[in-house]
Amino acid sequence: MISLTKSFTIIALSATLALAAQAPKQNSELKEIAQTGKESSKLLLQTLGKNMKAHMKKGGPMDALSFCSTEAYPLTEKVNKELPEGVTVKRISLKYRSPANQPQADEAKVLEAMQTLKDANVVLPKHFVEKVDENVYKFYKPLVIKKGVCLKCHGDIQNKDLKRAISERYPDDKATGYKMGDLRGAVVVTINKTAKK
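Conventions used here
Residues numbered from 1 in each chain as written. Predicted model: local features only at pLDDT ≥ 70, side-chain atom pairs only at ≥ 80, totals over all residues. Heavy atoms only, no water. Phe/Tyr/Trp six-rings, centres within 6.5 Å; stacked < 30°, edge-to-face > 60°. Lys NZ or Arg CZ within 6 Å of the ring centre and 35° of its normal. Buried < 20%, exposed > 50% of the residue type's maximum accessible area, 1.4 Å probe, protein only. Helix = DSSP H or I, 4+ residues; strand = E, 2+ residues; numbered from the N terminus. Arc of directions from axis to C-beta. Contact = heavy atoms within 4.5 Å. Core = buried A, V, L, I, M, F, W, Y, C linked by side-chain atoms within 4.5 Å. Pairing = 2+ DSSP bridges. Axes fitted to C-alpha atoms, helices over the stretch in contact; angles between N-to-C directions. Salt bridge = Lys/Arg side-chain N within 4 Å of Asp/Glu carboxyl O.

A. Up close: the packing of aromatic side chains. The tally for this structure, following the rule as stated, stands at 0 aromatic pairs. Here the guanidinium or amino end of Lys-95 rests over the ring plane of Tyr-178, the centre of that ring lying 4.2 Å away.

B. Local environment of helix α2 (residues 72–82). Those residues of α2 that fall on the buried side of the exposure criterion are Ala-72, Leu-75, Thr-76, Val-79 and Asn-80. The buried residues of α2 occupy an angular sector of 150° when the element is viewed end-on, so they sit on one face.

C. The environment of Gly-185, seen in detail. Along the chain, Gly-185 turns up in strand β4 (residues 183–192). On a C-alpha basis, the gap between Gly-185 and Lys-141 in space is 8.6 Å, while along the polypeptide they are 44 residues apart. The contact partners of Gly-185, leaving out residues within four places of it in the chain, are Ile-92, Ser-93, Leu-111, Lys-141, Pro-142 and Leu-143.

D. Representation of the nonpolar core in the model. If you look at the biggest cluster of nonpolar residues, it comprises 16 residues, and the most contacted ones within it are Leu-44, Leu-48, Val-89 and Val-189. Elements that contribute at least two residues to this core include exactly α1 (4–70), α2, β1 (87–92), β3 (136–144) and β4. The dominant element in this core, judged by the number of residues it contributes, is α1, at 4 residues. With residues up to four places along the chain from it excluded, the contact list for Leu-48 reads Phe-67, Ala-72, Leu-75, Thr-76 and Arg-91. Listed in part, the 9 residues of the second largest apolar core include Val-110, Met-114, Leu-124 and Ala-186.

E. Looking closely at helix α5 (residues 160–169). Within the sequence span of α5, burial applies to Leu-162, Ala-165 and Ile-166. One side of α5 holds all its buried residues, which, seen down the axis, span an arc of 100°. Exposed and facing more than 90 degrees away from the buried side of α5 are Lys-160 and Glu-168.

F. Layout of unusual backbone geometry. Its identity as a non-glycine residue notwithstanding, Asn-121 has a phi of 65°, on the positive side. Here Asn-121 lies in the loop between α3 (105–119) and β2 (128–131).

G. Here's a closer look at the sheet that holds β1. If you trace the 4 strands from one edge of the open sheet to the other, you get β1-β4-β3-β2, paired in antiparallel fashion. With partners counted over all chains shown, the strands left at the sheet margins are β1 and β2, one partner each. Between one strand axis and the next, the sheet turns by 20° as a mean value, whatever way the strands run. Looking at chain direction, β3 and β4 are connected through 9 bridges and run antiparallel. Bridging across to β4, Tyr-140 finds its partner in Val-188.

H. Spotlight on the pattern of salt bridges. Per the counting criterion, the structure on display carries 7 salt bridges. When the shortest N-O distance is used, the salt bridge between Glu-107 and Lys-90 registers 3.1 Å. One end of the pair, Glu-107, is in helix α3; the other, Lys-90, is in strand β1, and 17 residues separate them in sequence. Classification of Glu-107 as buried rests on a relative accessible area of 0%. The partner of Asp-161 in a salt bridge is Arg-164, with the nearest N and O atoms 3.0 Å apart. Remark: Arg-164 and Asp-161 occur in helix α5; sequence separation between them is 3 residues, near one turn of the helix. Residue Arg-164 is classed as partly exposed on the basis of its relative accessible area, which comes to 47%. Residues joined in a network through salt bridges with shared partners are Lys-90, Asp-106, Glu-107 and Lys-138.

Put into structure tokens, the structure is as follows:
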């Protein structure tokens, strides 16, 4: 007759072996999710970045503001149409300028966790992966302010005309007062393995 302790040991060992057998599949799946997230976030950031740079060069912060308020969202939607089925990408921030960048409840919690780590002087990883359920994952790429040009519209704005223009376009703007190295937000790639566009 097998003792109770031995029975628990056998059950625990069986569970460990079962998890070990699933590990390669899970690791492979996470690698695939991460790769999709990297490619999708890169496409969005490159698309918005090159356009922002062109407008900043052409007409300075006022022209860049005009681009952001009229073209950034349509360009994001265009990028989404180029992504694989079940994959969408967007930008989010706790201190958002456009309501389109307001995080959902679960996304806000992840951003808050990132900010807590940042405040504790933890170097943020290049990305996080959240498993929402069996079929849905969210890939988060933290956005940290690394270029002084970002502060022209998101720092301590001294230009009164620019301040007024931002206020007119975004009455509930929260996206100012940043400094170099601050966490601006994140790019979120949602990957639904069963969804069809």
